[in-house]
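Topology and contacts: notes
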Amino acid sequence: MMAALLEVRDLRIAFRVDKRTTFEAVKGISFTVPQDATVALVGESGSGKSVSSLAIMGLLPKGTTSIDPAGSVLFDGRDVLHLPEAERRALCGRDIAMIFQEPMSSLNPVFTVGYQIGEVLRRHMGMNRREARARTLALLDEVGIPDPQAKIDAYPSQMSGGQQQRVMIAMALACEPKLLIADEPTTALDVTIQKQIMALLAALRRKRRMSVLFITHDLGLVGEIADEVIVMRHGEIRETGPVRRIFSEPQDNYTRALLHCRPPLDARPWRLPVIADYMGGQVEANPRQRERGYAPDDDIVLDVRNLKKSFWVNDGLFGKREFQAVKDVSFRLARGKTLGVVGESGSGKSTMGLTLLRLHEATAGSALFEGTDLLALSKRDYHPYKRRIQIIFQNPYASLNPRFTVGQILLEPMRLHGIGADDRERVALAQALLERVGLPPVAYHRYPHEFSGGQRQRIAIARCLTMKPEILVCDESVSALDVSVQAQVLNLLQELQDEYGLSYIFISHDLAVVKYISDQVMVMNKGEVVEIGDADELYRNPRHPYTRTLLGAIPRSPDVNVESRC
Amino acid sequence: MSAIVNEHDSAGLWTLAWRRLREDRIAMAALAVVAAFLVMLILSATGLVAADWEDEVGVNYAPPTFVGASAATLAAAGEAAPVPDNPFDPLAADIRALQGQGAATAAPRRATLPFGADKWGHDILRKTIRGGETSIIVGLVAALVAVGLGTLFGAISGFFGGIVDDLFNWFYSVFTSIPSILMILTVAAVLQQKGVLTIVLILGLTGWTGPYRLIRAEYMRHKAREYVLAADAIGASSWRKMFAHIFPNVSHVALVQLSILAVGFIKAEVILSFLGFGVPVGVVSWGSMLNEAQNELLLGKWWQLTAAAVAMAVLVTAFSLLADALRDALDPKVK
């Protein structure tokens with residue numbers, strides 16, 4: 001093992017919530033980042049992983065944070081926590097660089113990318129304008145931006161998300177840092193782009209012999225890139241070890257749980273294990289497997305034919321340009337089965353879901369439900385059908401009205417559709433549903449902000465269930481949730497399907513999740529259906545090249561490609 | 001016991017906002033001042049205080065007690081009754097009879113009052129309290145009218161968008177292109193009468209543009225939010241989405257606008273009264289007091305001006321501070 005570049009000793013960070021309460025986000029963690037290596041810091045939300053990295057960079061808000069002075073962060077032998085402000089800023093600009101999750105909001109939209117990278121070079125490296133431009137071109141080329149001569153004068157909005165993240169990496173590399181802190185650098189990106197960025201980071205690290213502290217919530221992602229893995233939970237380190245050992249023989253129950261909560265690609269257990277199973281040590285050795293797939297005699301509940309949705313964008317003074325978000329989508333959804341829809345951002349998968357619920361007006365096509373075309377009905381005639389086809393959105397923080405109590409949220413649809421004879425009956429039904437989705441009865445009187453993400457998604461599910469729908473569109477419904485919570489919500493959705501015979505249209509960018517819950521999978525790209533077929537068959541034998549690209553972008557565990565790493 | 005279980009659990013956003021407000025000392029001081037003014041307003045409106053403000057209790061321009069009476073006022077107070085008899089006056093007998101009656105009922109006029117007197121000898125303190133009643137009511141009701149109109153137009157315009165939005169925007173642009181003082185005079189000319197209600201209408205009908213713009217922007221932002229889509233998906237009508245779902249989430253904007261406009265309108269009432277479009281004769285407001293005070297000031301009688309100005313400044317400052325703190329406490333983003 002090489003000498004330590006960064007050594008964190010007994011780091012404790014607390015936030016002041018209000019005058020009386022403080023919250024201890026990081027509870028005395030110690031770890032080292034060796035020279036010329038990648039260390040992955042893995043943990044779910046609230047684990048303190050990002051807070052730790054921000055503390056290293058000195059980016060935490062001073063007014064509300066207190067870092068225990070007994071701890072230390074040694075970088076190249078110097079304790080950065082106790083450095084004078086100016087020295088620390090110089091150090092963080094030159095020797096430690098950081099890239100963030102959202103490239104779009106990290107870049108200033110009113111300056112060209114060339115100017116923004118050049119500014120770093122001029123300020124920290126003392127280059128003049130011409131030298132800076134030449135160096136910027138070299139950097140853009142190094143991070144794999146095609147045609148750097150043209151792109152150097154482009155504005156951030158003229159680039160794709162992947163290219164923006166490459167620019168951010170170029171900017172971070174501008175001063176030749178010894179340590180690069182990457183805080184969830186690929187979370188906002190599509191899977192195929194994610195793969196490219198990960199490969200880029202690995203290649204750059206090897207070439208420049210720097211160290212990378214890679215922060216992520218997804219343990220599966222670090223298998224290909226990390227040498228050393230640190231697993232954090234609730235501000236404490238649960239386990240540290242070389243990546244291969246973490247994946248093959250995890251010592252800690254929590255690490256084990258993180259590895260197994262993600263739906264596997266090669267199996268479909270009846271129920272996904274959750275963290276509580278591992279922490280309690282009650283994991284089934286050989287869980288019962290579930291069979292999925294369409295049968296020829298399935299009862300078709302929704303028949304979508306040639307669905308199209310176009311948006312009109314203003315072009316020039318009077319012109320309008322058609323943007324086809326969904327081009328000619330047809331599928332049949334069977335009762336009690338799940339249709340998985342996968343695709344990257346901009347594939348039109350969410351637009352398709354919203355159009356089916358008439359939250360967008362369809363441009364053409366039909367959706368036959370019991371022989372009635374839902375898309376052709378007048379608003380008034382469609383109203384009774386609303387309760388039968390429902391949607392669960394991606395962001396449980398945004399889809400519940402913050403000013404309504406959970407009780408009001410659940411009662412509203414029942415009142416609108418005249419479900420239940422009177423309010424007493426409705427309240428009883430709402431409380432029964434809360435219990436069904438696994439929330440305590442007191443939840444009825446509370447407001448959404450008092451719940452965690454997973455609990456809020458349960459409330460959203462309960463709201464749909466009040467109307468006893470037949471079709472449920474899940475639009476990225478588990479994508480914003482932590483891995484362990486994701487497993488719980490997937491289990492709940494699965495149980496509800498078994499219990500009520502619900503049909504799901506499950507929209508997600510996450511191929512493993514889609515594979516787990518779907519009978520049939522539809523792959524979309526740029527508004528078109530590129531492939532549709534039986535879930536297992538499609539994953540085993542993808543026919544379309546795009547499907548193959550998508551499947552190839554799924555992160556692998558380290559054992560698979562030991563040879564390719566050095 | 002069960003009551004406790006039910007009570008403890010629902011800390012709504014309003015409760016949280018109140019909690020945050022209570023942490024803020026300046027806000028609580030401002031709230032106390034505003035509450036004191038409102039209590040005074042209620043007492044005055046119900047006739048418990050200052051009902052007798054029109055009694056001529058002091059001599060003309062009686063100075064405040066802490067300044068002390070001048071020779072002139074002392075003399076005026078001393079000679080309350082004795083006007084020398086005019087032997088040639090044919091009405092002398094009647095006048096003497098009248099004076100006898102007056103002397104029986106009216107107390108002698110005082111040389112000094114706690115905060116002085118105006119030209120007719122009205123107690124300035126009572127007059128200020130009474131004037132405050134008019135001014136605060138004008139400010140609050142006009143602000144309610146303006147914010148109500150602005151919210152309604154803004155909600156419709158922002159929520160429906162398209163041609164509806166265009167129509168409202170044209171209307172808005174035409175409305176705001178007219179200089180505001182001209183607009184106020186136009187409405188005053190159309191209404192053709194003086195009175196508190198007229199002032200309220202003038203200010204309310206011309207003041208909706210600010211809240212309209214802000215509320216419209218909020219609605220445009222919120223209508224695409226997932227909770228509104230979710231309300232749409234469960235079958236809520238447009239009006240329900242607008243006012244049951246979105247409005248509670250943007251109400252902090254309306255509330256803050258309300259307090260800002262109330263402050264502005266209290267000041268605007270002064271200007272209107274000054275221009276002669278204000279309250280009718282016989283009604284007192286801070287505006288009409290300031291209007292009188294400009295002549296008095298030349299004579300060195302500063303107390304009426306001071307009383308009205310200080311009362312207004314204290315209320316307006318407290319109201320602004322409260323509005324600022326409310327904004328911080330209510331905006332869900334600043335958590």
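None of the values given here were measured: they were computed from a predicted structure. (Residues numbered from 1 in each chain as written. Chains lettered and ligands numbered in written order. Predicted model: local features only at pLDDT ≥ 70, side-chain atom pairs only at ≥ 80, totals over all residues.)

**Observations regarding the overall build of chain B**
How we decide: Helix and strand assignments come from DSSP, with helices taken as H or I runs of at least 4 residues and strands as E runs of at least 2, each series counted from the N terminus. A residue pair is marked as a contact if its C-beta atoms, positioned from the backbone, fall within 7 Å.
Within chain B one finds 14 helices and 0 strands. For chain B, restricting intrachain contacts to residue pairs at least 6 apart in sequence, the fraction spanning at least 24 positions comes to 75%.

**Points about the overall build of chain A**
For clarity, the cut-off: Every radius of gyration here is taken over C-alpha atoms, with the globule rule written as 2.2 Å times N^0.38, N being the number of residues. For every residue, the other C-beta atoms within 10 Å of its own C-beta are counted; 20 or more classify it as buried, 12 or fewer as exposed, and values in between as partly exposed. C-beta atoms are placed from the backbone.
For chain A, the count of helices and strands is 20 helices and 21 strands. Taking 566 residues into account, the globule formula puts the C-alpha radius of gyration at 24 Å, and chain A, at 26 Å, falls close to it. Taking all 566 residues of chain A together, 44% fall into the buried category. Of all intrachain contacts in chain A linking residues separated by at least 6 positions in sequence, the fraction that spans at least 24 positions is 68%.

**Focus: the sheet that holds strand β21 (residues 528-534) of chain A**
The pairing of strands in a sheet happens through backbone hydrogen bonds and is either parallel or antiparallel. Residue and element names in this part refer to chain A. Test applied: Only strands joined by at least two bridges in the DSSP assignment are considered to pair. Axis definition: a line fit to C-alpha positions, over the contact stretch in the case of helices; interaxial angles, taken between N-to-C directions, run 0 to 180 degrees.
Pairing is mixed across the open sheet formed by 6 strands, whose spatial order is β17-β18-β19-β14-β20-β21. Edge positions in the open sheet fall to β17 (389-392) and β21, since each of these has one partner strand only. Ignoring strand direction, the axes of neighbouring strands in this sheet form an average angle of 15°. Where strand β18 (residues 471-475) meets strand β19 (residues 503-508), 5 bridges bridge the pair, whose relative direction is parallel. Bridged to Ile-471 within β19 is Ser-503.

**Section: the confidence of the model for chain B**
Residue and element names in this part refer to chain B. To keep it simple, the criterion reads: Confidence of the predictor at the level of single residues is given by pLDDT, which spans 0 to 100.
For chain B, per-residue confidence averages 81 on the pLDDT scale, and residues scoring 70 or more make up 86% of the total. The secondary-structure element of chain B with the lowest mean pLDDT is helix α1 (residues 2-7), recorded at 38, while helix α10 (residues 209-222) shows the highest, at 94. Interface confidence for the predicted complex, given as ipTM, is 0.79, next to a pTM of 0.81.

**So, the packing of helix α14 (residues 406-416) of chain A against helix α16 (residues 453-465) of chain A**
Residues and elements named next belong to chain A. What counts here: When an angle is under 35 degrees it counts as roughly parallel; over 145 it counts as roughly antiparallel; between 65 and 115 it counts as roughly perpendicular; any other value is oblique. With the far helix as reference, a near helix turned anticlockwise by less than a right angle produces a left-handed crossing, and one turned clockwise produces a right-handed crossing. Side-chain classes are defined by residue name, with Ala, Val, Leu, Ile, Met, Phe, Trp, Tyr, Cys and Pro counting as nonpolar, Asp, Glu, Lys and Arg as charged, and the others, Gly among them, as polar.
Packing of α14 against α16 brings their axes to within 8 Å, and their N-to-C directions diverge by 25°. Overall, the two elements α14 and α16 adopt an arrangement that is roughly parallel. Note that α14 runs across α16; the crossing there is right-handed. Within the contact between the two elements, α14 uses Val-406, Ile-409, Leu-410 and Pro-413 and α16 uses Ile-459, Ala-462 and Arg-463. A breakdown of the residues in the contact of α14 with α16 according to their chemical character gives 6 nonpolar, no polar and 1 charged.

**Details of the sheet that holds strand β15 (residues 364-369) of chain A**
Residue and element names in this part refer to chain A. Pairing within the open sheet is antiparallel, and its 4 strands lie in the order β13-β12-β15-β16. The sheet terminates laterally at β13 (319-334) and β16 (372-373), the two strands that pair on one side only. Looking at chain direction, β15 and β16 are connected through 2 bridges and run antiparallel. Paired with Phe-369 across the bridge in β16 is Thr-372.

**What about the interface of chain B and chain A?**
In many analyses, interface size is given as the accessible surface area lost on bringing the parts together. At the interface, 20 residues of chain B touch 26 residues of chain A. Secondary-structure elements contributing two or more residues to the side of chain B that touches chain A are α2 (13-23), α11 (226-233) and α12 (238-275) of chain B. For the side of chain B that touches chain A, a count of residues per class yields 9 nonpolar, 6 polar and 5 charged.

**Topic: the pairing of strand β20 (residues 520-525) of chain A**
Residues and elements named next belong to chain A. With 6 of 6 residues buried, β20 is to be regarded as a mostly interior element. Neither face of β20 is exposed, since Gln-520, Met-522 and Met-524 on one face and Val-521, Val-523 and Asn-525 on the opposite face are all buried. As judged from the 4 bridges shared by strand β14 (residues 338-342) and β20, these two strands associate in the parallel manner. Counted as the bridge partner of Leu-339 is Gln-520 from β20. Sheet analysis places β20 next to β21, joined by 6 bridges and oriented antiparallel. Opposite Met-522, over in β21, you have Ile-532 as the bridge partner. If you look at the hairpin formed by β20 and β21, you'll find 2 residues sitting between the two strands, and Lys-526 has a positive phi there, around 50°.

**Observations concerning the packing of helix α3 (residues 25-45) of chain B against helix α14 (residues 303-330) of chain B**
All names here are of chain B. Direction vectors running N to C along α3 and α14 enclose 135°, while the axes themselves pass 8 Å from each other. Taken together, the axes of α3 and α14 are oblique relative to one another. Read as a crossing pair, α3 and α14 show a hand that is left-handed. Contacts from Ile-26, Ala-27, Ala-30, Leu-31, Val-33, Val-34 and Phe-37 in α3 reach Val-314, Leu-315, Ala-318, Phe-319, Leu-321, Leu-322 and Ala-325 in α14.

**Focus: unusual backbone geometry**
Residue and element names in this part refer to chain A. In this structure, Asp-76 takes a positive phi of about 55° despite not being glycine. The residue Asp-76 is located in the loop between β5 (72-75) and β6 (78-79) in this model. Judged by the 16 C-beta atoms lying within 10 Å of it, Asp-76 is partly exposed. Its identity as a non-glycine residue notwithstanding, Asp-147 has a phi of 55°, on the positive side.

**Quick look at the pairing of strand β8 (residues 179-183) of chain A**
Residues and elements named next belong to chain A. This is how the line gets drawn: Orienting the strands away from the viewer, one traces the path from the first strand over the helix to the second; a clockwise path indicates a right-handed crossover.
Counted residue by residue, β8 has 4 buried out of 5 residues, so it is predominantly covered. Looking at chain direction, strand β7 (residues 96-99) and β8 are connected through 4 bridges and run parallel. Opposite Ile-99, over in β8, you have Ala-182 as the bridge partner. Here β8 pairs with strand β9 (residues 211-216) via 5 bridges, running parallel. Each residue of the ladder has a partner; that of Leu-180, found in β9, is Val-212. On the question of chirality, the crossover connecting β8 to the parallel β9 by way of helix α8 (residues 191-208) is right-handed.

**Points about the environment of Ile409(A)**
Residue and element names in this part refer to chain A. Tracing the backbone through its elements, the reader meets Ile-409 in helix α14. Classification of Ile-409 as buried rests on a count of 25 C-beta atoms within 10 Å. C-alpha of Ile-409 to C-alpha of Ala-462: the two residues are 53 residues apart in sequence and 9.4 Å apart in space.

**Overview of helix α17 (residues 483-500) of chain A**
Put simply, the test is: One less than the residue count of a helix, multiplied by 1.5 Å, gives the span that helix is expected to have.
Its 18 residues place the ends of α17(A) 26 Å apart at the C-alpha level, agreeing with the 26 Å of an ideal helix rising 1.5 Å per residue. Positive phi appears at Gly501(A), one or two residues downstream of α17(A), with a value of about 65°.

**Remarks on helix α13 (residues 286-298) of chain B**
Residues and elements named next belong to chain B. Quick note on the threshold: To get the bend at any residue, fit one axis to the seven residues that end at it and another to the seven that begin at it, then take the angle between the two axes.
The first and last C-alpha atoms of α13 sit 19 Å apart over 13 residues, in line with the 18 Å expected at 1.5 Å per residue. At Glu-292, α13 shows its largest kink, close to 30°. Of all the positions in α13, only Trp-286, Gly-287, Ser-288 and Met-289 are classed as buried. Close packing links the buried residues of α13 with α6 (124-160), α12 and α14. With its phi angle positive at about 85°, Gly-300 sits one or two positions after the end of α13.

**Concerning the confidence of the model for chain A**
For chain A, mean pLDDT is 87; residues scoring 70 or higher make up 98% of the total. Low pLDDT, under 50, characterises residues 560-566 of chain A; the stretch is placed with 3 contacts to residues that sit more than four places away or in other chains.

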